[in-house]
Amino acid sequence: LMPPLYTPEEQKRIEVFDNRYRSAAKTHFTNRVQHFLPLTGGTYTRITILDQKTRWGRRSSSGTLSFNYRLLYAPPRVLDYVVVHELCHRIEMNHSPRFWAQVERILPDYRTQKEWLKQNGSPLIDRLPKS
């Protein structure tokens, strides 16, 4: 039998910080969505903050934008790329050339940000405690 990874006190401290990060993430993502919304022409119904192992963001067909709070640890341009990516899905619900043209119109250097996420995303998640 393996001993617990964290003591109950440590787990409580992690949960407190996790809640603070999620709250900060919701505020920050809401601000960035509001910034890019007029540029994308996209819409949304609400924003949720997630902690996922493999996904940075998503847009549901009902208009909910969901973002991984761990993007707060990425460079700001990378976070902006994910926001723009999800907002552009309002116009194109696929990854067609038209979709990528929309992303590029707003973020001409999106490929750099996409590559950063591809190269550094996994370590960004793996080095932090999972809530």
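Numbering of residues starts from 1 in every chain and runs along the sequence as written. Only residues with pLDDT of at least 70 are given local features in this predicted model, and only at 80 or more are side-chain atom pairs given and counted; all residues enter the totals for whole chains, interfaces and linings. Think of the side-chain values as coming from all heavy atoms in the structure, minus any hydrogens and water.

Q: I would appreciate a short explanation of the environment of Asp80 in the present structure.
A: Within the secondary structure, Asp80 is located in helix H2 (residues 76-88). Each residue touching Asp80, except ones within four places of it in the same chain, is listed here: Arg32, Phe36 and Leu107. Helix and strand definitions here come from DSSP, where helices need a minimum of 4 consecutive H or I residues and strands a minimum of 2 consecutive E residues; each element is numbered from the N-terminal end. Contact definition: two residues touch when any of their heavy atoms are within 4.5 Å.

Q: What's the story with the sheet that holds strand S2 (residues 57-59) in this structure? I'm lost.
A: Either a parallel or an antiparallel arrangement is found when strands of a sheet pair, and the pairing is made through backbone hydrogen bonds. For two strands to pair, DSSP has to find at least two bridges joining them. One open sheet holds the 3 strands; their spatial order is S1-S3-S2, and the pairing between them is mixed. The open sheet terminates on both sides in strands that have one partner only, identified here as strand S1 (46-50) and S2. Direction aside, neighbouring strands of the sheet carry axes that sit 15 degrees apart on average. Two elements, S2 and strand S3 (residues 64-68), share 3 bridges in a ladder whose sense is antiparallel. Counterpart to Arg59 in the pairing with S3 is Leu65. Only the stretch in contact is used when fitting a helix axis, every axis being a line fitted to C-alpha atoms; angles between N-to-C directions are given from 0 to 180 degrees. Against the sheet, helix H1 (residues 8-40) makes contact with S1 and S3, and its axis sits at roughly 140 degrees relative to S1, the strand it touches most. Each of S2 and S3 is contacted by H2, which is oriented at about 155 degrees to S3, the strand it contacts most.

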